[in-house]
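# Tertiary structure, described
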Amino acid sequence: MPLSDTSHIAQAPRLTRLAPTPSGFLHVGNLLSFAATIALADRLHAKVLLRIDDLDRDRLRPAYLQDIFDTLHHMHIPWHQGPRDPEDFTGNWSQSLRMARYAEFLDALRAGGHLFACDCSRTQLVDGNYPGTCRHKNIPLDQPGVAWRLITSPDAIIPMRSIGKKRPPMRLPPSMYDFVVRKKNGEPAYQLASVADDLQFGVNLVVRGEDLLPSTLGQLYLASLLPPNPFPQTVFWHHPLLEGPSGHKLSKSAGDTSIRFMREQGMSPAEICTAAARMIDPGARPQNVLELGNWLLQREGADDRII
Ligand SMILES: [Zn+2]
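Calculation notes
- Residues numbered from 1 in each chain as written.
- Predicted model: local features only at pLDDT ≥ 70, side-chain atom pairs only at ≥ 80, totals over all residues.
- Heavy atoms only, no water.
- Helix = DSSP H or I, 4+ residues; strand = E, 2+ residues; numbered from the N terminus.
- Buried < 20%, exposed > 50% of the residue type's maximum accessible area, 1.4 Å probe, protein only.
- 1 Å grid on protein atoms, 1.4 Å probe; cavity = no way out; pocket = protein on both sides within 12 Å on 5 of 7 lines; lining within 4 Å.
- Points joined across faces, edges and corners; volume = space filled by probe spheres on them.
- Nonpolar A, V, L, I, M, F, W, Y, C, P; charged D, E, K, R; others polar.
- Salt bridge = Lys/Arg side-chain N within 4 Å of Asp/Glu carboxyl O.
- Contact = heavy atoms within 4.5 Å.
- Donors = N, O, S within 2.8 Å, 3.2 Å for Na, K, Ca; no water.
- Tetrahedral: all angles 85-135°; square planar, octahedral: opposite > 155°, others 65-115°.

### Focus: the side chain of Thr16
With respect to the element layout, Thr16 can be found in strand β1 (residues 15–18). Relative accessible area serves as the criterion here: at 0%, Thr16 is assigned to the buried category.

### Side note on empty space enclosed by the protein
If you walk through the whole model with that rule in mind, you get one cavity of 30 Å³ or more. For the largest cavity, the calculated volume is near 40 Å³. Leu49, Leu50, Arg51, Ile52, Pro83, Phe89, Trp93, Arg98 and Phe201 are the residues that line the largest cavity. Where the lining of the largest cavity is concerned, the elements lending two or more residues are β2 (47–50) and α3 (86–93). Its residues assigned to classes, the lining of the largest cavity shows seven nonpolar, no polar and two charged.

### Quick word on the pattern of salt bridges
Considering all chains together, one arrives at 15 salt bridges under this definition. Its salt-bridge partner being Asp53, residue Arg51 comes within 2.9 Å of it at the nearest N-O pair. For the residue pair Arg51 and Asp53, the accessibility class agrees, reading buried in each case. Salt-bridge contacts for Asp198 lead to Arg51; the nearest nitrogen and oxygen are separated by 2.9 Å. Within this pair, whereas Asp198 is found in helix α5 (residues 190–201), its partner Arg51 is found in the loop between β2 and α2 (62–74), the two being separated by 147 residues in sequence. Taking the relative accessible area as the measure of exposure, Arg51 reaches 2% and is therefore buried. Each member of the salt-bridge network shares a partner with another, and the members are Arg17, Arg51, Asp53 and Asp198.

### Digging into helix α8 (residues 269–278)
Listing the buried residues of α8 in full gives Ile272, Cys273, Thr274, Ala276 and Ala277. Contact partners of the buried residues in α8: α1 (28–44), α2, α7 (259–264) and α9 (289–299).

### Details of the coordination of the zinc ion
Protein-derived ligands of the zinc ion are Cys118 (SG), Cys120 (SG), Tyr130 (OH) and Cys134 (SG), with the metal-ligand distances lying across 2.2 to 2.4 Å. One can describe the donor arrangement at the zinc ion as tetrahedral, given that its four donor atoms subtend angles of 99 to 124 degrees at the metal.

Here it is as structure tokens:
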């Protein structure tokens with residue numbers, strides 16, 4: 001049975017987002033993703049929101065937060081909405097300020113009978129997947145120290161609009177079966193907060209790596225349970241994982257692929273863009289972030305068609 005499909009209601013992409021996490025210095029993988037995002041926004045006449053995800057307070061460092069703004073300024077990456085600096089972020093945009101909103105969504109899921117409580121530890125996962133252990137244990141949701149999981153159906157077809165590439169009908173992958181929406185410590189899980197934020201800000205164009213496709217499907221599934229459900233109108237572009245010539249993932253590289261390191265070496269924005277592209281293709285020569293993004297979109301076969 002397909003989830004409610006409102007994709008026939010045409011809606012032009014109007015807002016996309018840069019969504020860095022202040023848990024490390026931004027690296028070449030982030031830069032390429034940002035470049036693709038602003039290039040696609042430019043083509044589709046969409047605005048850009050800076051959405052910094054700081055739910056994971058344990059990994060947050062002020063230096064990482066500052067690095068996001070330093071990098072965006074140095075690389076001349078524009079954004080139209082969102083915090084202008086770390087102080088503005090902390091005072092007005094932190095996810096900690098939207099806890100009431102996340103709680104509302106959790107309440108709606110609970111009222112709809114879409115949740116169950118789980119007291120499993122990580123070691124009880126099978127190949128990283130949740131085998132449904134607590135689904136029928138009837139553990140009270142209000143019991144301290146339990147996670148809240150979403151009751152998912154492996155058969156549901158999940159409609160998704162995307163750029164330029166027709167995909168076969170998609171279902172939730174096993175890694176997302178009964179995924180967690182509230183953590184054991186009572187905080188909202190990433191998927192829940194991400195959906196709530198995108199709905200609140202009106203984000204309807206999302207660029208992210210192909211490795212996050214399961215996450216996208218989980219979020220679309222989750223959004224379909226929350227009335228009203230405008231999320232299926234969101235257009236996605238999942239870019240292939242970016243690899244260097246030797247096949248290593250750029251996003252996993254550390255140290256000298258941080259943009260901060262390049263800045264401190266005195267590299268100009270043009271030099272950093274060229275260096276980033278050349279990690280994938282030694283012949284590439286983009287001179288600014290927009291050129292870098294357009295080079296990437298072309299290379300990966302993304303065009304303006306929304307399917
Ligand atoms: Zn469990």
